[in-house]
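Given next are the chains, with one letter for each unit.
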Amino acid sequence: MNKKLLSLSALALLLSFSACNNDDDNNNNNPDLSGAFHTEIDASAWHADADKVILVVADYGSGPDIYITATKSADSAHFSFLFPYFNGSDTVITEPSPETDLRFQSASVVNGGLWLEDSGTLTVSRTIQDGIETYTGTFSGSFSDPFNSSDVKVITGGTFTAKRLL
């Protein structure tokens, strides 16, 4: 678990630096890589900003993993999903799984809460078209605070679309 947390932290730091390299003056040649990420948390709607749905494929040594983050800028709350890269057009992952890490964090790292998946499902489809790899999926489940198992978030109706340029 600590190895995954360290890897996720390093990847998040890398993303924060690489996200600033975009050439905003020349949008005509840049494909649309905006995504979508919606769910209900304890029956309240939650939507990430379309330009804050980020997809990265990284090799941690045991094989490539897909890392998707989705952030809501208004309060910095975010979801992060880490799961193994797959070559098929779809996969279903039943949570919890030792190969995945699904989490929700409210607000900032210092003042926010953290909830990890306890149970649920994650379905993912992968397509490639015109040099863009797109992952679409659904998710739902029960997420709990790792330090207080009675603090549970019920996640329902989750959908996402995340893209990356090949």
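Please refer to the structure placed before this passage.
From a predicted model like this one, the values you see are computed outputs, not experimental measurements. Note that residues are indexed from 1 along each chain, following the sequence as it is written. Per-residue local features are limited, in this predicted model, to residues with pLDDT of at least 70; the limit for side-chain atom pairs, both in listing and counting, is 80 or more; totals at the level of whole chains, interfaces and linings are taken over all residues. Side-chain measures were taken over the full set of non-hydrogen atoms in the model, leaving aside hydrogen atoms and water.

Undergrad: Please clarify how the pattern of salt bridges should be interpreted in this entry.
TA: Side chains that differ in charge, positive against negative, can pair when their charged atoms come close. Salt bridges are defined by distance alone: a side-chain nitrogen of Lys or Arg within 4 Å of a carboxyl oxygen of Asp or Glu. Counted by the stated rule, this structure contains three salt bridges. As a salt-bridge pair, aspartate 101 and arginine 103 come within 3.0 Å of each other at their nearest N and O atoms. As far as the burial class goes, aspartate 101 and arginine 103 line up, both buried. Salt bridges sharing partners connect three or more residues here, namely Arg126, Glu133 and Arg164. Exposure is judged per residue with a 1.4 Å probe applied to protein chains only, and the accessible area is read against the type maximum: over 50% gives exposed, under 20% gives buried, and values in between give partly exposed.

Undergrad: Could you clarify how one ought to interpret the packing of aromatic side chains in this entry?
TA: Each pair of aromatic rings is reported with the distance of its centres and the angle of its planes. The pairing test for Phe, Tyr and Trp rings, Trp by its six-membered ring, is centres within 6.5 Å, and the orientation test on the planes gives stacked under 30 degrees, edge-to-face over 60, and tilted for anything in between. If you walk through the whole model with that rule in mind, you get 16 aromatic pairs. When the centroid spacing of 6.0 Å and the interplanar angle of 85 degrees are considered together, the rings of phenylalanine 37 and tryptophan 46 count as edge-to-face. Each of the two residues, phenylalanine 37 as well as tryptophan 46, counts as buried. When the ring of tryptophan 46 is compared with that of phenylalanine 79, the centres are 5.1 Å apart and the planes differ by 75 degrees; the resulting orientation is edge-to-face. With tryptophan 46 in strand β2 (residues 44-47) and phenylalanine 79 in strand β5 (residues 77-84), the pair connects residues that are 33 residues apart, well separated along the chain. As far as the burial class goes, tryptophan 46 and phenylalanine 79 line up, both buried. Put simply, DSSP H or I for four residues or longer makes a helix, DSSP E for two residues or longer makes a strand, and each gets a number counted from the N terminus.

Undergrad: Would you mind going over the side chain of glutamate 133 with me for this structure?
TA: You can see glutamate 133 is positioned in strand β9 (residues 132-145). Within 3.5 Å is the distance limit for a polar contact, defined as a pair of N or O atoms, with the added protein rule that one can donate a hydrogen and the other accept it, and that residues adjacent in sequence qualify only through two side-chain atoms. For glutamate 133, the side chain forms a polar contact with the side chain of tyrosine 85, separated by 3.0 Å. A distance of 3.0 Å separates the side chain of glutamate 133 from the side chain of tyrosine 135, its partner in a polar contact. Whether two residues are in contact is decided by their heavy atoms: any pair within 4.5 Å suffices. Among all residues touching glutamate 133, those that are not within four sequence positions of it are Leu55, Val57, Tyr85, Arg126, Thr127, Ile128, Ala162, Lys163, Arg164 and Leu166.

Undergrad: Explain unusual backbone geometry here, please?
TA: Keep in mind that most residues, glycine aside, have a negative phi and that most peptide bonds are trans. Residue glutamate 95 is joined to proline 96 through a cis peptide bond whose omega torsion reads -5 degrees. Mapping proline 96 onto the fold places it in the loop between β6 (90-95) and β7 (101-105). In this structure, aspartate 130 is a non-glycine residue whose phi angle is positive, near 55 degrees. In this fold, aspartate 130 is placed in the loop between β8 (114-129) and β9.

Undergrad: Which parts of the structure should I look at to understand the pairing of strand β1 (residues 36-41)?
TA: Every other side chain in a regular strand lies on the same face of the sheet, so the side chains alternate between the two faces. Every second residue of β1 is oriented toward a common face, the buried set being Phe37, Thr39 and Ile41 and the non-buried set Ala36, His38 and Glu40. Note: β1 against strand β10 (residues 148-165), five bridges, orientation antiparallel. Opposite alanine 36, over in β10, you have threonine 161 as the bridge partner. When DSSP finds two or more bridges between two strands, those strands count as paired. When β1 meets β2, the two strands line up antiparallel, connected through four bridges. Residue pairing for β2: isoleucine 41 is matched across the bridge by serine 44. Hairpin geometry of β1 and β2 is characterised by an intervening segment of two residues between the two adjacent antiparallel strands and by a positive phi of about 50 degrees at aspartate 42.

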